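What follows is each chain in one-letter form.
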Amino acid sequence: MIYLDHAATTPPSKAAKAAALRSFNMFGNPSSLHVLGIEAEKEIAHARDVLARIIGASPPRLIFASGGTEANNLALKGTARKHKGRRIITTRMEHSSILETLAVMADFEPLYLDTDEGGAICLDALQKALEEPTCLVSIHHVNSATGVIQDIHAIGNIIKRVSPTTLFHVDAAQSFCKLPIHVNNMQVDLLTASAHKVGGLKGCGFLFIRDGVHCAPTTQGGGQERGLRSGTENVAGILSFAAAAESFMPITAPLKQVFLDALNLDDVKVLGKNTSPYILNIDVAGVNPEVLLNALSQRGVCVSAGAACSANKKGQGQIGWGQAPTLRVSFGEGNTVDEVVKAAELLTEIATNLRKLRKL
């Protein structure tokens, strides 16, 4: 099996598995005041320290949640309820947990920025849009379908220069541990990340909230996570998240270029410019990407058509250029040059045969 769908989810790392197994012996509720509860709470505090350090944040500013989706919901709904202004600036290329959340926030008006041919947002358009009262700007760091990297430094500087009271949220699910992030240098007020994108277990994520930014809880209960996310903490998930992030090894081989060099096909378009080394999105002319995906799966190669969270919405990949889903190949720890070449060769063979069948 050649796994090239790391943008959808990553295999749990050895460190994450070990941390999860260790957590099973500390089964106390972190809110309990006896020795087992205190032990669990100390482990969570250490995990918070590890994760906060990676983004240059103060540990108390991290709120654990059930994943990136819940963290994005809390970032949008929680802060919008506490801050003045009815308008939220974003793009139509955001993850569904942003777009679908905005769709149900009836008291707020989303403004969608356009992107250029490479997928980057227009900074001049952002600056002009900020001349009107704006509550929040929410922009992803790396697009989950195309891998396009947004210039978060430039965006943050524009926001704080033109409209200092406007909050800046960054969805970093596809960039956390993979690209440099420093929330202070980037002028970021809120940032979300997900464990299973970096070798952690599914079902855990966090929201960074800058000191002084007010956020209302979206769930009520026992008051865990500073009252912003009630519910008993997922100790196994949190510990595995920190262990995976701390031991994460960025890929160093140019796997994207290796794949493209081994792809012996005409009429193949690469979507996006200035993209993450982890994500490649291609349009193979004359071939349905879902047919390609299924054929590759039968030959032992796992890839995606569009973004995983859009797979249940026919014809809606999160690509941003108004196109049907294309083929997403995403790389990660454990991938080798040999298997990437093999996957490209299989794709060449399958696509060539499919094109021949169309001509019959």
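Check the entry above for the structure.
Bear in mind the structure is a predicted one, so any value in this text is a computation, not a measurement.

Undergrad: For this particular structure, what's the right way to read helix H9 (residues 289-298)?
TA: Along an α-helix, a turn takes 3.6 residues, which lines up residues three or four apart on a common side. Turning to H9, its buried residues are Pro289, Leu292, Ala295 and Leu296. The buried residues of H9 occupy an angular sector of 125° when the element is viewed end-on, so they sit on one face. Where H9 is buried, its residues contact strand S10 (279-284), strand S11 (301-302), strand S12 (304-305), strand S13 (327-330) and helix H10 (337-359). Its side-chain oxygen at 2.7 Å from the backbone nitrogen of Glu290, Asn288 defines the N-terminal cap of H9.

Undergrad: Could you clarify how one ought to interpret the sheet that holds strand S7 (residues 190-194) in this entry?
TA: Strand-to-strand pairing in sheets goes through backbone hydrogen bonds, with the strands running parallel or antiparallel. An order of S2-S8-S7-S6-S5-S3-S4 is seen for the 7 strands of this open sheet, with the pairing classed as mixed. Lying at the two open borders of the sheet, with one neighbouring strand each, are strand S2 (62-65) and strand S4 (109-113). With direction set aside, neighbouring strand axes in the sheet form an average angle of 20°. Sheet analysis places strand S3 (residues 87-91) next to S4, joined by 5 bridges and oriented parallel. The residue of S4 that forms the bridge with Ile88 is Pro110. The strands touched by helix H2 (residues 35-54) within the sheet are S2 and strand S8 (205-209), with S2 carrying the most contacts at an inclination of about 115°. Where helix H6 (residues 152-162) meets the sheet, its contacts fall on strand S5 (136-140) and strand S6 (167-171), and the angle it forms with S6 comes to roughly 165°.

Undergrad: Help me understand the sheet that holds S10, please; the structure alone is not making it clear to me.
TA: Strand order in this open sheet of 4 strands is S9-S10-S13-S12, and the pairing throughout is antiparallel. Because the sheet does not close on itself, it has two edges, and the strands there are strand S9 (268-270) and S12. Summarising the sheet, S9 and S10 pair through 3 bridges and their orientation is antiparallel. Across the sheet, the residue bridging to Val270 is Ile282, located in S10.

Undergrad: Would you mind going over unusual backbone geometry with me for this structure?
TA: The phi torsion of most residues other than glycine is negative, and most of the peptide bonds are trans. Notably, Cys177 is not glycine yet its phi reads approximately 75°, a positive angle. Mapped onto the elements, Cys177 comes out in the loop between S6 and S7. The backbone phi angle of Asn274 is positive, close to 55°, even though this residue is not glycine. Within the secondary structure layout, Asn274 lies in the loop between S9 and S10.

Undergrad: So what exactly am I meant to see when it comes to the pattern of salt bridges here?
TA: Two side chains carrying opposite charge are able to pair once their charged atoms lie near each other. By the definition in use, this model includes 10 salt bridges. One salt bridge connects Asp189 with Arg210, and the closest N-O pair in it is separated by 3.4 Å. Of this pair, Asp189 sits in the loop between S6 and S7 while Arg210 sits in the loop between S8 and helix H7 (235-247), placing them 21 residues apart in sequence. Its relative accessible area of 5% is what places Asp189 among the buried residues. The network of salt bridges with shared partners includes Lys160, Asp189 and Arg210.

Undergrad: For this particular structure, what's the right way to read the side chain of Ser163?
TA: Tracing the chain through its elements places Ser163 in the loop between H6 and S6. Overall, Ser163 belongs to the buried group, its relative accessible area being 11%. A polar side-chain atom of Ser163 sits 2.5 Å from a polar atom in the side chain of Thr166. Non-local contacts of Ser163, meaning those with residues more than four positions away in its chain, are made with Leu130 and Ile158.

Undergrad: Would you mind going over H6 with me for this structure?
TA: Of the residues making up H6, those classed as buried are Ile152, Ala154, Ile155, Gly156, Ile158, Ile159 and Lys160. Buried positions along H6 lie against helix H5 (123-129), S5 and S6.

Undergrad: I'm lost on the side chain of Thr101 in this one. Help?
TA: If you trace the backbone, Thr101 turns up in helix H4 (residues 96-103). In contact with Thr101, not counting residues within four places along its chain, are Asn73, Leu76, Lys77 and Ser96.

Rules used throughout
Residues numbered from 1 in each chain as written. Predicted model: local features only at pLDDT ≥ 70, side-chain atom pairs only at ≥ 80, totals over all residues. Heavy atoms only, no water. Buried < 20%, exposed > 50% of the residue type's maximum accessible area, 1.4 Å probe, protein only. Helix = DSSP H or I, 4+ residues; strand = E, 2+ residues; numbered from the N terminus. Arc of directions from axis to C-beta. Contact = heavy atoms within 4.5 Å. Polar contact = N/O pair within 3.5 Å; in protein donor to acceptor, adjacent residues only side chain to side chain. Pairing = 2+ DSSP bridges. Axes fitted to C-alpha atoms, helices over the stretch in contact; angles between N-to-C directions. Salt bridge = Lys/Arg side-chain N within 4 Å of Asp/Glu carboxyl O.

Coordinates in, geometry out; function isn't part of it.
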